[in-house]
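Read off the chains here:
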Amino acid sequence: MKILVVFIDMVRVNQLNLFDVSKPETLLDRKLRKMGGTLFTRCYTPAPDTPRSNACMQTGLYPYFNGCDTRIKWPKYFIKEDITTIFDHANDSGYTINACIRRHTVETGLLKYKDSTKVTFFNDYHDFIENAHISNNCLSFVYDPDWHTAITDYHSTDKAFYEGDRVVSKLFEKYITESYYNQYDYVIIYSDHGFQFRKENDSMRSKLELLDDGRNQILLLIRKKEDTSIIRDNRLASMVDLYATIEKLIGKTDCRHGYSLLEEPRRKILHIEDHQDFRVYPEVMIKQWRIITETYDVRTDAKDYSCGSNAQIIKEIESYLKEYSPKYTEYVKQLTVWKHYSELSNDTSDYYVVGEKRKSKLLLFLHNTIHKLKSILFKKCFSRKTF
């Protein structure tokens, strides 16, 4: 089996005409229509950032279970050592692995594999197209970061989207051409997450809006060699299902949390878990979730639910998250502890536990104000000294 996987970073699919006919046709729309294949129109990432989303794709496991459970945890360094990836499984099945990916991205840690000698790396597209060996059993992986780069360059404006569309279309014009991709039995094109426009960020009223489709719905197109037109598949799909699909294509059966998109049964429920802060720094926390089924689409910050007080749905969601996103249970416990801390800090008792009289609120306020002023004066005097 010859398999080509093309990863396009940060495609916002609800701006594509293929997903929303009210949107103007983009260059990428045209390229995908020409290519043909099955387009999964309800596919989501469990974690809308590059390291976590790709860890899900490579392992078929949700973030808590694969080790990449916060935004700064990249697959190479944080996927748990006892977990094998789709690249390891392909190697075990005798597949040739080709990877077209910049050296910087390799070092950042996008890919995880047990034996690097089994992966042939290419630093640029031209070298990959000219020299990658397409054997009877091969898995070729191509990473295109240009849309993400354009979003950064143009600060998430409308111009950013169209510039990203323009440069990514060049990938298909120059390199992943019809004559090239027709050499493969299957071509898989996916994105890891979308993005939020600057204007949306400026007008955001709730952090739960970060769970909107714009950031969390992803591109997934699977093309069999004989496909000539777009077929829409409206089943619920998750990034972990892409792992399961490739797993089945290479003759393996360990689907883990995923469902193969080439067969039954189909997924009935999926979730998205995310931070409430875009900044990248250690020890950020997962603080909000979105759960999607065929009958409901609910968001929660573990304090309130968008479904209101529907006890049956809340019970189902809590049971699901307890099993598949244990960070939810951990966060609920922390909120409970925080509530007790708040109660302690608001203690208005006039006496200590041992029975001694506490100072009045006014005297404490005066004492602490004087202490702060002394500290400010000390810092100013100290800063004037020269050494």
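Anyway, here's the lowdown on the structure attached to this text.

Definitions and cut-offs
Residues numbered from 1 in each chain as written. Predicted model: local features only at pLDDT ≥ 70, side-chain atom pairs only at ≥ 80, totals over all residues. Heavy atoms only, no water. Helix = DSSP H or I, 4+ residues; strand = E, 2+ residues; numbered from the N terminus. Buried < 20%, exposed > 50% of the residue type's maximum accessible area, 1.4 Å probe, protein only. Contact = heavy atoms within 4.5 Å. Axes fitted to C-alpha atoms, helices over the stretch in contact; angles between N-to-C directions. Parallel < 35°, antiparallel > 145°, perpendicular 65-115°, else oblique. Left-handed = near helix turned anticlockwise from the far one by under 90°. Nonpolar A, V, L, I, M, F, W, Y, C, P; charged D, E, K, R; others polar. Pairing = 2+ DSSP bridges. Phe/Tyr/Trp six-rings, centres within 6.5 Å; stacked < 30°, edge-to-face > 60°. Lys NZ or Arg CZ within 6 Å of the ring centre and 35° of its normal. Core = buried A, V, L, I, M, F, W, Y, C linked by side-chain atoms within 4.5 Å. Arc of directions from axis to C-beta.

### Remarks on the overall build of the protein chain
- Looking only at helices and strands, the protein chain features 16 helices and 13 strands.
- Across its three principal directions, the C-alpha atoms of the protein chain cover 85 × 65 × 45 Å.
- Expressed as a percentage of its 387 residues, the buried residues of the protein chain come to 50%.
- Long-range contacts, defined here as pairs at least 24 residues apart, represent 69% of the contacts in the protein chain between residues at least 6 apart.

### Observations regarding the packing of helix 2 (residues 50-59) against helix 13 (residues 239-249)
- Where helix 2 contacts helix 13, the two axes come as close as 6 Å, and the packing angle between them is 30°. If you check the angle between helix 2 and helix 13, you find them roughly parallel. Helix 2 and helix 13 meet at a crossing whose hand is right-handed. Here helix 2 contributes Ser53, Cys56, Met57, Gln58 and Thr59 to the contact with helix 13, which in turn contributes Met239, Val240, Leu242 and Tyr243.
- Across the contact of helix 2 with helix 13, the residue classes break down as 6 nonpolar, 3 polar and no charged.

### Quick look at the pairing of strand 8 (residues 220-224)
- For strand 8, the buried fraction is high: 4 of the 5 residues fall into the buried class.
- Of the strand pairs in this sheet, strand 2 (residues 37-40) and strand 8 are connected by 2 bridges, and their pairing is antiparallel. Within the sheet, the bridge partner assigned to Leu39 lies in strand 8 and is Leu221.

### Regarding the packing of aromatic side chains
- Overall, the coordinates contain 17 aromatic pairs when judged by the stated rule.
- A ring pair is formed by Tyr64 and Phe65, whose centres lie 5.4 Å apart and whose planes are at 75°; its orientation type is edge-to-face.
- Accessibility expressed as a relative area gives 26% for Phe65, which makes it partly exposed.
- Ring plane angle 85° and centroid distance 5.9 Å describe the contact between Phe87 and Phe141, whose orientation is recorded as edge-to-face. Of this pair, Phe87 sits in helix 5 (residues 86-92) while Phe141 sits in strand 6 (residues 138-144), and the two are 54 residues apart along the sequence.
- Here the aromatic cluster, defined as three or more aromatic residues joined through ring pairs, consists of Phe7, Phe87, Phe141, Tyr143 and Tyr190.
- Seen from the ring of Phe195, Arg12 lies directly overhead, with NZ or CZ sitting 5.8 Å from the centre.

### Points about the sheet that holds strand 12 (residues 288-293)
- Read from one edge of the open sheet, 3 strands run 11-12-13, paired in antiparallel fashion. Both outer strands of the open sheet, strand 11 (269-274) and strand 13 (297-300), are each paired with one neighbouring strand and no more. Across the sheet, the axes of successive neighbouring strands diverge by a mean angle of 15°, strand direction being ignored.
- Looking at chain direction, strand 11 and strand 12 are connected through 6 bridges and run antiparallel. Considered in strand 12, the bridge of Ile272 is made with Arg290.

### Structural notes on the sheet that holds strand 7 (residues 186-190)
- Read across the sheet, 8 strands follow the order 5-4-6-1-7-8-2-9 without closing on themselves; strand pairing throughout is mixed. The open sheet is flanked by strand 5 (119-122) and strand 9 (230-233), the only strands paired with a single partner. Between one strand and the next, the sheet's axes are offset by a mean angle of 15°, whatever the strand orientation.
- Strands in contact with helix 13 are strand 1 (2-8), strand 7 and strand 8; relative to strand 7, the strand with the most contacts, it is inclined by about 165°.

### Let's talk about the nonpolar core
- By size, the foremost hydrophobic cluster in this structure holds 55 residues, and its most contacted members are Phe141, Ile188, Tyr190 and Leu220.
- For this core, the element with the highest residue contribution is helix 13, accounting for 7 residues.
- With 39 residues, the next largest nonpolar core counts Tyr125, Cys138, Phe161 and Val187 among its residues.

### Details of helix 8 (residues 146-153)
- Where helix 8 is concerned, the buried positions are Trp147, Ala150 and Ile151. Across the axial projection of helix 8, the buried residues extend over an arc of 100°, all falling on one side.
- Tucked into the core, helix 8 has its buried residues touching strand 1, helix 1 (27-35) and helix 9 (158-174).
- A positive phi of about 55° marks His155, the residue just after helix 8.

### So, the packing of helix 1 against helix 9
- Following both chains from N to C, one finds helix 1 and helix 9 inclined at 25°, their axes separated by 8 Å at the closest point. When the interaxial angle is binned, helix 1 and helix 9 end up roughly parallel. On helix 9, the residues that touch Leu27, Leu28, Lys31 and Met35 of helix 1 are Asp165, Arg166, Val168, Ser169, Phe172 and Glu173.

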